[in-house]
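Here is how the chains run, residue by residue.
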Amino acid sequence: DAKTTQPNSMESNEEEPVHLPCNHSTISGTDYIHWYRQLPSQGPEYVIHGLTSNVNNRMASLAIAEDRKSSTLILHRATLRDAAVYYCILSDRDNYGQNFVFGPGTRLSVLP
Amino acid sequence: NAGVMQNPRHLVRRRGQEARLRCSPMKGHSHVYWYRQLPEEGLKFMVYLQKENIIDESGMPKERFSAEFPKEGPSILRIQQVVRGDSAAYFCASSPWRDEQYFGPGTRLTVT
């Protein structure tokens, strides 16, 4: 399975933007980049995913490097509710029903 | 559209008993995944099922663990003769195709 690396933890102030990086230098051409987050005592929650182009949705934006070896999840205005562990995951779009490989993720703390 | 449902949310078993965890996927989803999360660790894939078929059980311990997804009814993860090391949060996810996985709230198993 392709591997991702993320910082163990990050801190942000409330209402400020947050940029969460992810390195995936061994990504293949058919790998999607997914971001999930897990709030305390809850199951993982889908945030966003992309293949080559930058993506925006109501929760966040995903900026993908031109060589696809890294990506950044952008929360435009952090709130206290965004405090969670964020996981960056790769999955092969040509691999039917592939399971997700979760790393340790980045623990985001949001300060009031 | 109700999300993925798991029950029970909390389960306490004594060593040697059986634990049975249930997962009802989202309506229209025929793919089910089970993951385990040990305390202070990331999620680890266990098994991937479609209706009446086990597609990938590479993450499942060889003994005491089994899973099924019958034609009718929820998916079941069964752990026989539980030991303290089985204490963990067990998450189920469902997807309609090779798309995003939607996670349930999890079952927290405590073995005493």
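See the structure shown above.
**Quick look at the overall build of chain B**
Summing up its helical and strand segments, chain B has zero helices and eleven strands in all. Overall, chain B shows an N-to-C arrangement of helices and strands of β-β-β-β-β-β-β-β-β-β-β. For 112 residues, the compact-globule formula gives about 13 Å, and the C-alpha radius of gyration of chain B, at 13 Å, lands near that figure. Seen through its C-alpha atoms, chain B measures out along the principal axes to roughly 35 × 25 × 25 Å. Looking at chain B as a whole, 45% of its 112 residues are labelled buried. Considering only contacts within chain B whose residues lie at least 6 apart along the sequence, 52% involve residues at least 24 apart. Chain B carries 17 positive and 12 negative side-chain charges, and their two centres are separated by 7 Å.

**Side note on the sheet that holds strand 6 (residues 61–64) of chain A**
Residue and element names in this part refer to chain A. Taken in spatial order, the four strands make up an open sheet running 2-7-6-5, and their pairing is antiparallel. This sheet does not close on itself; its edge strands, each paired only once, are strand 2 (18–23) and strand 5 (55–56). With two bridges joining them, strand 5 and strand 6 adopt antiparallel strand pairing. Counted as the bridge partner of Asn-56 is Ser-61 from strand 6.

**Some thoughts on the packing of aromatic side chains**
Residues and elements named next belong to chain B. As enumerated under the stated definition, the model contains eleven aromatic pairs over all chains in all. Measuring from centroid to centroid gives 4.6 Å for Tyr-33 and Tyr-48, while their planes differ by 10 degrees, and the two rings are stacked. One end of the pair, Tyr-33, is in strand 4 (residues 31–37); the other, Tyr-48, is in strand 5 (residues 43–50), with 15 residues separating them in the sequence. By relative accessible area, which is 2% here, Tyr-48 ends up buried. Ring centres 6.0 Å apart and planes at 75 degrees place the aromatic pair Tyr-35 and Phe-45 in the edge-to-face group. With a gap of ten residues between them, Tyr-35 in strand 4 and Phe-45 in strand 5 connect regions that are remote in the sequence. Side by side, Tyr-35 and Phe-45 carry an identical accessibility label, which is buried.

**Thoughts on the pattern of salt bridges**
Residue and element names in this part refer to chain A. One pass over the structure, following the stated rule, counts six salt bridges over all chains. Between Arg-77 and Glu-15 there is a salt bridge, with its nearest N and O atoms 3.3 Å apart. Residue Arg-77 is found in the loop between strand 7 (70–75) and strand 8 (84–92), and its partner Glu-15 is found in the loop between strand 1 (9–13) and strand 2; the two are separated by 62 residues along the sequence. Judged on exposure class, the residue Arg-77 and its partner Glu-15 are both exposed.

**Looking at the interface of chain A and chain B**
Each partner contributes residues to the interface: chain A has 19 residues there, and chain B has 19 residues. Overall, the association of chain A and chain B removes approximately 1600 Å² of surface from exposure, summing both partners, and the carbon and sulfur fraction of that is 51%. Taken together, the links from chain A to chain B amount to zero salt bridges. At the junction of chain A and chain B, the tally comes to seven residue pairs in polar contact (both at pLDDT 80 or more). Of all the secondary-structure elements, those providing two or more residues to the side of chain A that touches chain B are strand 3 (31–38) and strand 4 (45–50) of chain A. It is strand 3 of chain A that provides the largest number of residues to the side of chain A that touches chain B, a total of three residues. Looking at the side of chain A that touches chain B residue by residue, the classes come out as seven nonpolar, ten polar and two charged.

**Examining the environment of Gln-17 of chain B**
Residue and element names in this part refer to chain B. Inspection of the secondary structure puts Gln-17 in the loop between strand 2 (10–13) and strand 3 (19–24). Along the primary structure Gln-17 and Ile-79 are separated by 62 residues, whereas in three dimensions their C-alpha atoms are 8.6 Å apart. Excluding anything up to four places from it in sequence, Gln-17 contacts Ile-79, Gln-80, Gln-81 and Val-82. A polar atom in the side chain of Gln-17 sits 2.8 Å from the backbone nitrogen of Arg-14.

**Focus: unusual backbone geometry**
The linkage connecting Asn-7 of chain B with the following residue, Pro-8 of chain B, adopts the cis geometry, with an omega of -5 degrees. Secondary-structure assignment places Pro-8 of chain B in the loop between strand 1 (5–7) and strand 2. In this structure, Arg-68 of chain A is a non-glycine residue whose phi angle is positive, near 65 degrees. Its relative accessible area of 9% is what places Arg-68 of chain A among the buried residues. Even without being a glycine, Glu-52 of chain B presents a positive backbone phi close to 65 degrees. Position of Glu-52 of chain B among the secondary structure elements: in the loop between strand 5 and strand 6 (53–56).

Rules and cut-offs
- Residues numbered from 1 in each chain as written.
- Chains lettered and ligands numbered in written order.
- Predicted model: local features only at pLDDT ≥ 70, side-chain atom pairs only at ≥ 80, totals over all residues.
- Heavy atoms only, no water.
- Helix = DSSP H or I, 4+ residues; strand = E, 2+ residues; numbered from the N terminus.
- Rg over C-alpha atoms; globule rule 2.2 N^0.38 Å.
- Buried < 20%, exposed > 50% of the residue type's maximum accessible area, 1.4 Å probe, protein only.
- Contact = heavy atoms within 4.5 Å.
- Lys, Arg positive; Asp, Glu negative; His and termini not counted.
- Charge placed at Lys NZ, Arg CZ, Asp CG, Glu CD.
- Pairing = 2+ DSSP bridges.
- Phe/Tyr/Trp six-rings, centres within 6.5 Å; stacked < 30°, edge-to-face > 60°.
- Salt bridge = Lys/Arg side-chain N within 4 Å of Asp/Glu carboxyl O.
- Buried area = accessible area lost by both parts, 1.4 Å probe.
- Polar contact = N/O pair within 3.5 Å; in protein donor to acceptor, adjacent residues only side chain to side chain.
- Nonpolar A, V, L, I, M, F, W, Y, C, P; charged D, E, K, R; others polar.

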